[in-house]
Every structure is written in C-alpha cells, then in structure tokens.
Amino acid sequence: MKKNECYEGVVTALKFPNKGYVRVEGERTPVLVKNTLPGQKVSFRCSKLRKGRPEGMLIEVLELAEDEVQIPPCPHFSDCGGCSYQTLDYEGQKRLKLTQVKNLLTPILADFPLENCVASPDEWEYRNKMEFSFGDEVKDGELALGLHKRGSFYDIVPVTQCQIVDEDIRKILTATLHFFREKKLGGELLTFYHKMRHEGILRHLLVRKARKTGEMLICLVTTSQGMIQSPEGKELLEEYRNRLLEIETRGHYAGILHMINDSLSDVVKADEIHILYGKDYFYEELLGLKFKISPFSFFQTNSLGAEKLYEVAREYVGDVEGKVVFDLYSGTGTIAQVLAPVAKRVVGVEIVEEAVDAARENAAFNHLTNCTFHAGDVLNVMDELEEVPDLIVLDPPREGIHPKAIKKIIDFNVSKILYISCKPTSFARDLEVFLEHGYQPVKAQCIDMFPWTRGIETVILMHKTSSFA
C-alpha cells in the first residue's frame, strides 16, 4: 500500500468512536477509515502509513451496509459532523453502540456484564443545549451560523433544519443568522471572528432550553472589536433582542445575554456578560428536583435521558439509608441530590467552582440539608475529607480518572463503587486498575443519551471481592 494512493475495501468492524477497519483485497493489514460503518464498501485515499497501521480518508461510500435502512431525516447529515448514524434505524444504532462498548471491555474482562442499551425517551429533538459558531460555508462566502462541516476546522454548515434540537432552537438559530446577515454597524456588515487573524466581531450563539419548564437562555458571543460596545452597537443589540422576542415559540425566554469574549481560543466563554432581557439563569426539573442553570453550568444535554441515567444509578446503588455517599466529579450536584433524600449524607467534590456554587444553591432550593460540596481537584480534596464513605459514585470527565486519584479512591476500601462513564475508552483504561485491586463489575448498562451521534453513557456497578476486602 502506498501513501496518497486510492483503494477500495469493505468495512469489517468499527473502532470506537468512528474508525472503520477496512479490509482491502490483497492486503494483510486493515486500514482505519473515519466516518464509516460495518458492512459498507468504501473508496478511500491512504493518508498515513505508521508502523504498519495504515489510515485512510474516506472518498465515497460505494455500497451501503445491510443495516442502513433509512434515508437520513436531517438534510444536513452529509455535511454536518454532528451525527454519524442516521442511515441506521434507532434499534440499529443502539445495537452498534452496545457492540462498540462490548468490544472495548470484553478483552479486559471476558464476562463483562453488559447486555443492554437503554433507549432515549426522545429519539429526536432531545438536545437542550447547542453551541453554534459564526463563520462562512466557503472561503469569503456569505455569513453562516451553525456547526462545523464534517472534517473541517473552518467551514460552517447553517444547520437550520437540525433534527436533534428543539424546534425553538432552530427558530432562534435561523432568526439570528438572518438578522446579522442584513444588519450593518458603522456602515459595514458585521464580520465573524477569524481564528487565524484574530479579527472580527461575531463568535458564537449559545442556546439552552429546559425540557420540563420550557425556559430558554440565549447568549450571543462577540468580541469587543469594532463598534459593538458603542451606542450604535448597543442599539443594534437591543434590536436583536426585540427580533428574538417577536418569534413564536413554544417555550419562553428566561434571559437574552450579550457576552464579550476576546480570548484567542475557540471556546464559548465570557469576559463580560450584559443582560439584554430577563436574567442570566433558568430552571430545569429532574426526578422531582429543581436545578438552577447558568450559561456555562454543566448539565446533561438530554433532560429526559438524564432521568433514565439517574434512575439506573439510583437502582444500582440500592439502599443507602444511614450511609455516607461520596459523589466525586459531582458537577452541579444532580446525582448527589437524587441520592440525598435516601442517604445519611452525600459529599460532592468538583473542580469547577461555579458548578459547586450551583450545587450548593440547588441543594438549598430543594431543601436538602445533608449535602456538602467541596471545590477542588478530586486528587487533592480527598486528602482533606474527614468522613469515610460507605459508597462512592464516580462521574469523571471524558479523560477519565487521574491514575493517582484512582489509587486514593481504592484506598477508601468501600464495598461498592458506581462508575458513570461518558467515554468507554477512558473507562476501559480505569477498569484495569479497579480489577487489579479486587473490584468486579456486577451490573452495567449503556444509556443512549445522544441518539444518532457517536456518544454513549455507560453505568457500571462494581463490588469489592471478598479476597480483597
């Protein structure tokens, strides 16, 4: 096989999250090609030849897989990089995700107890948060607002018909795009922020909508460049606010915000926040509890799916009456507060201070007096905790748990650990450490929180075996 040459082959399996093993006739080693599905026949260009592990760039799907039984409902599917599995039916994509997780975990533990993938209550329009970027579809093209094109760092696809977000979010996206395509500031059209030149005004649009309460929070993110903070700029922003308020929506606005972000990194953040309408937070409800959510609060993007996730977690931990529970990587304290009504105490640890503040406020709002939240890195805070847990719940970020933190967690010698994983490759790495120290998975389920995308959550209950107790 030669670099930059084109080949054809059949995808025999999928490596998490989206690389297919393509078998080429006459070649002993399969080629890894992104954005493919098992059973497809594809053409690709060989892009890498490293240590006998060739990789390729997909050119075309020549033949569909047997499981590809539907036309993608979203018109942006072929261009947008958000969804991967819309050519499968819903049961087919659940099976594929379950198979991927099994393939990662069974080589580590042959009888890993994973047999089910729980469906999302909403297959479509389930996302309660979206971060859209300003840019252009093609170089020097018309202003665009949407998601990055598949495989591109620059090109933006205006996803005005995105099928995994609420209809109100689509309306707000469309109205925002049309407004800023037409309006001028200082006699000139507003430009998007160029990542290489660090010039321009429009950066992002962050939209959040509560599934239960219907409250919405809209955040327009710009730089401080141009005349955006001048009297004329403020008048323009007020006009934008009024344009949003004219839209007929099923939900209602909690707040419309203007954020200033002059950082060089391409992330949604704010150096300053100006309220154009309402307030800078809203409320969502989960399992009878109410949660205050600010623009950057971590909160599951599928509210009804989160209820399924926490119901499984609550079932797995069982009876915690009279017991102390540590909720490590606790975020805004959702899991802690779901367990608090039936536990003696719940102690949460989270590195993001804003999330800890929100957790404390939410616990007080829900009249939960047996929750304590600590701000700091789990690795360090565990040394300062005076209580000894009976049960530990782990819900780490995508990169998993720091190796030193795992050792400290294991040193508590609790009989049960509940691990909630948002990235199975990270859990696979952490699982090996837990197995070495006598923890055995006894129950596990995948929860499909992100239909049609590559994302999957997995809930695993581990017991300490008697020989290590």
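Relevant structure appears above.
The rules we used
- Residues numbered from 1 in each chain as written.
- Predicted model: local features only at pLDDT ≥ 70, side-chain atom pairs only at ≥ 80, totals over all residues.
- Heavy atoms only, no water.
- Phe/Tyr/Trp six-rings, centres within 6.5 Å; stacked < 30°, edge-to-face > 60°.
- Helix = DSSP H or I, 4+ residues; strand = E, 2+ residues; numbered from the N terminus.
- Buried < 20%, exposed > 50% of the residue type's maximum accessible area, 1.4 Å probe, protein only.
- Lys NZ or Arg CZ within 6 Å of the ring centre and 35° of its normal.
- Salt bridge = Lys/Arg side-chain N within 4 Å of Asp/Glu carboxyl O.
- Core = buried A, V, L, I, M, F, W, Y, C linked by side-chain atoms within 4.5 Å.
- Contact = heavy atoms within 4.5 Å.
- Pairing = 2+ DSSP bridges.
- Axes fitted to C-alpha atoms, helices over the stretch in contact; angles between N-to-C directions.
- Patch = residues over 30% accessible without salt bridge, like charges linked within 9 Å, V, L, I, M, F, W, Y side chains within 5 Å.
- Areas by Shrake-Rupley, 256 points an atom, 1.4 Å probe, with all protein chains shown as cover.
- Left-handed = near helix turned anticlockwise from the far one by under 90°.
- Nonpolar A, V, L, I, M, F, W, Y, C, P; charged D, E, K, R; others polar.

## Quick look at the packing of aromatic side chains
Logical step 1: In this structure the tally under the stated criterion is 16 aromatic pairs.
Logical step 2: Aromatic side chains F134 and F180 sit 6.1 Å apart centroid to centroid with 90° between the ring planes, which places their arrangement in the edge-to-face category. Note that F134 is positioned in strand β7 (residues 129-136) and F180 in helix α2 (residues 167-182), a separation of 46 residues in sequence. Here F134 matches F180 in class, with each residue buried.
Logical step 3: For the ring pair Y419 and F427, a centre distance of 4.8 Å and an interplane angle of 65° mean the geometry is edge-to-face.
Logical step 4: Here a set of aromatic residues connected by ring pairs shows up, and it is made of F112, Y419, F427, F434 and Y439.
Logical step 5: Taking NZ or CZ as reference, R150 lies 5.6 Å from the ring centre of F77, over its face.
Logical step 6: We note K290 situated over the ring of Y283; from NZ or CZ to the ring centre the distance is 5.3 Å.

## Quick word on the pattern of salt bridges
When charged atoms on two side chains of opposite charge get close, those side chains can pair.
Logical step 1: A complete count under the given rule lists 25 salt bridges for this structure.
Logical step 2: For the salt bridge of D168 with K209, the shortest nitrogen-to-oxygen distance reads 2.7 Å. Taken as a pair, D168 in helix α2 and K209 in strand β12 (residues 202-209) lie far apart in primary sequence, 41 residues in all.
Logical step 3: Of the residues examined, K209 reaches a relative accessible area of 8% and is grouped as buried.
Logical step 4: Put simply, E239 and K183 hold a salt bridge, and the shortest N to O gap is 2.6 Å. In this pair, E239 sits in helix α3 (residues 231-245) while K183 sits in the loop between α2 and β10 (184-185), placing the two residues 56 residues apart along the sequence.
Logical step 5: Assessed through its relative accessible area of 34%, E239 is described here as partly exposed.

## Here we look at the nonpolar core
Logical step 1: One finds F132, F180, I218, L244 and L418 to be the most contacted residues of the largest nonpolar core, which totals 90 residues.
Logical step 2: With residues up to four places along the chain from it excluded, the contact list for F180 reads F134, L143, L190, L202, L220, L236 and Y240.
Logical step 3: Counting residues in each nonpolar core, the second largest holds 39 residues, with V349, L394, I417 and Y439 among its members.

## Some remarks on the sheet that holds strand β24 (residues 457-464)
Logical step 1: One open sheet holds the eight strands; their spatial order is β6-β23-β24-β22-β21-β18-β19-β20, and the pairing between them is mixed. Here the strands that pair on one side only, and so sit at the sheet edges, are β6 (114-118) and β20 (371-375). Pairwise comparison of adjacent strand axes, ignoring direction, gives a mean angle of 20° for this sheet.
Logical step 2: Pairing of strand β19 (residues 345-350) with β20 involves five bridges; the strand directions are parallel. Its bridge partner being in β20, E350 is matched across the sheet by A375.
Logical step 3: Strands in contact with helix α9 (residues 424-436) are β21 (391-394), β22 (416-421), β23 (439-447) and β24; relative to β22, the strand with the most contacts, it is inclined by about 160°.

## Quick word on the pairing of strand β17 (residues 289-293)
Logical step 1: Burial along β17 is one-sided: L289, F291 and I293 are buried, while K290 and K292, pointing the other way, are not.
Logical step 2: Judged from the five bridges that link them, strand β16 (residues 282-286) and β17 form a sheet pairing that is antiparallel. Within the sheet, the bridge partner assigned to E285 lies in β17 and is K290.
Logical step 3: Remark: two residues form the turn of the hairpin made by β16 and β17, two consecutive strands paired antiparallel; L287 in that turn has positive phi of roughly 50°.

## With respect to a nonpolar patch on the surface
Logical step 1: A cluster of nonpolar side chains, L58, V61 and L64, forms an exposed patch at the surface whose accessible area comes to about 230 Å².
Logical step 2: Position of V61 relative to the elements: it lies in strand β5 (residues 53-63).

## Things to note about the packing of α2 against α3
Logical step 1: Two numbers describe how α2 lies on α3: the axes approach to 10 Å, and their chain directions differ by 145°. For the crossing formed where α2 meets α3, the hand is right-handed. Contacts from I172, A175, T176, F179 and F180 in α2 reach L236, E239, Y240, R243 and L244 in α3.
Logical step 2: Classifying every residue of the contact of α2 with α3 gives seven nonpolar, one polar and two charged.

## As for the sheet that holds strand β15 (residues 272-278)
Logical step 1: Strand order in the open sheet formed by seven strands is β9-β8-β7-β12-β13-β14-β15, and the pairing between neighbours is mixed. Of all the strands in the sheet, the pair left with one neighbour each is β9 (156-157) and β15.
Logical step 2: In the sheet, strand β13 (residues 215-222) pairs with strand β14 (residues 252-260) via eight bridges, with the strands oriented parallel. Across the sheet, L220 pairs through a bridge with H258, a residue of β14.

In short, geometric facts, not functional conclusions.
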